[in-house]
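# Summary of structural features
If you want the building blocks of each chain, they are given just below.
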Amino acid sequence: MSIKNKYNIITLCGSIKFKDEFMKVQEKLTLEGNIVLTPNFFNNIKKEEIGETTKQMLDEMHRQKIDMSNEIYVINLGGYIGESTKNEIQYAKAKGKSINYLETIK
């Protein structure tokens, strides 16, 4: 197996308000032998403070992470899946990516 394909690549998706859960899942999946890609930031800037151009750039960057991944892992703490995450799930489905969830979907 070549280095290029040795490790599964997973992009984490979900609300950035679940920072602590993102960190736990990232650590767990990494220790299981995965390369884990996460959102760009959690602190310092509030969603409301981001301009539309910057938001579009960040959304494009996250879709590119999904493109580079074999799967996405949705942090749906308490069953919560917001609009941005729903869009990421649809994007991943359209790209044929595997989708896993922290909590079972009801």
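As a reminder, the structure under discussion sits directly above these lines.
The paragraphs below set out a description of the structure included in this document. The shown structure was predicted, so the numbers you read here are calculated from the model rather than taken from an experiment. (Residues numbered from 1 in each chain as written. Predicted model: local features only at pLDDT ≥ 70, side-chain atom pairs only at ≥ 80, totals over all residues. Heavy atoms only, no water.)

### Some thoughts on the nonpolar core
- By size, the foremost hydrophobic cluster in this structure holds 9 residues: Ile10, Leu12, Phe18, Phe22, Val25, Leu29, Val36, Tyr73 and Ile75.
- Elements supplying a minimum of two residues to this core: strand S1 (8-14), helix H2 (19-31) and strand S3 (71-75).
- The element best represented in this core is H2, accounting for 3 residues.
- Setting aside residues up to four positions removed in sequence, tyrosine 73 forms contacts with Ile10, Thr11, Leu12, Cys13, Val25, Leu29, Asn100, Tyr101 and Leu102.
- Among the nonpolar cores identified, the runner-up in size contains 7 residues, and Ile66, Ile72, Ile81 and Ala92 belong to it. (Core = buried A, V, L, I, M, F, W, Y, C linked by side-chain atoms within 4.5 Å. Buried < 20%, exposed > 50% of the residue type's maximum accessible area, 1.4 Å probe, protein only. Helix = DSSP H or I, 4+ residues; strand = E, 2+ residues; numbered from the N terminus. Contact = heavy atoms within 4.5 Å.)

### A look at the side chain of glutamate 88
- Following the sequence through the fold, glutamate 88 ends up in helix H4 (residues 83-94).
- Put simply, glutamate 88 is tucked away with no salt bridge, and the nearest opposite charge, on arginine 63, sits 7.3 Å away. (Lys, Arg positive; Asp, Glu negative; His and termini not counted. Salt bridge = Lys/Arg side-chain N within 4 Å of Asp/Glu carboxyl O.)

### Digging into the environment of threonine 104
- For threonine 104, the position within the fold is in the segment after strand S4 (98-101).
- Taking the C-alpha atoms as reference points, threonine 104 and leucine 77, 27 residues apart in sequence, are found 9.8 Å from one another.

### With respect to the sheet that holds S1
- One open sheet holds the 4 strands; their spatial order is S2-S1-S3-S4, and the pairing between them is parallel. The strands lining the two open edges of the sheet, one partner per strand, are strand S2 (34-37) and S4. Between one strand axis and the next, the sheet turns through 30° on average, direction left out of account.
- Across 4 bridges, the pairing between S3 and S4 is parallel. When the bridges of S4 are listed, tyrosine 73 appears paired with asparagine 100.
- Contacts from H2 reach S1, S2 and S3 within the one sheet, and its direction differs from that of S1 by about 170°.
- Seen against the sheet, helix H3 (residues 52-68) touches S1, S2 and S3 and runs at an angle of roughly 145° to S1. (Pairing = 2+ DSSP bridges. Axes fitted to C-alpha atoms, helices over the stretch in contact; angles between N-to-C directions.)

### Considerations on the pattern of salt bridges
- In this structure the tally under the stated criterion is 3 salt bridges.
- The partner of lysine 28 in a salt bridge is glutamate 32, with the nearest N and O atoms 2.9 Å apart.
- A salt bridge links glutamate 83 to lysine 86, with the nearest nitrogen and oxygen atoms 3.5 Å apart. Taken together, the residues glutamate 83 and lysine 86, both in helix H4 and 3 residues apart, mark about one turn of the helix.
- Assessed through its relative accessible area of 39%, lysine 86 is described here as partly exposed.

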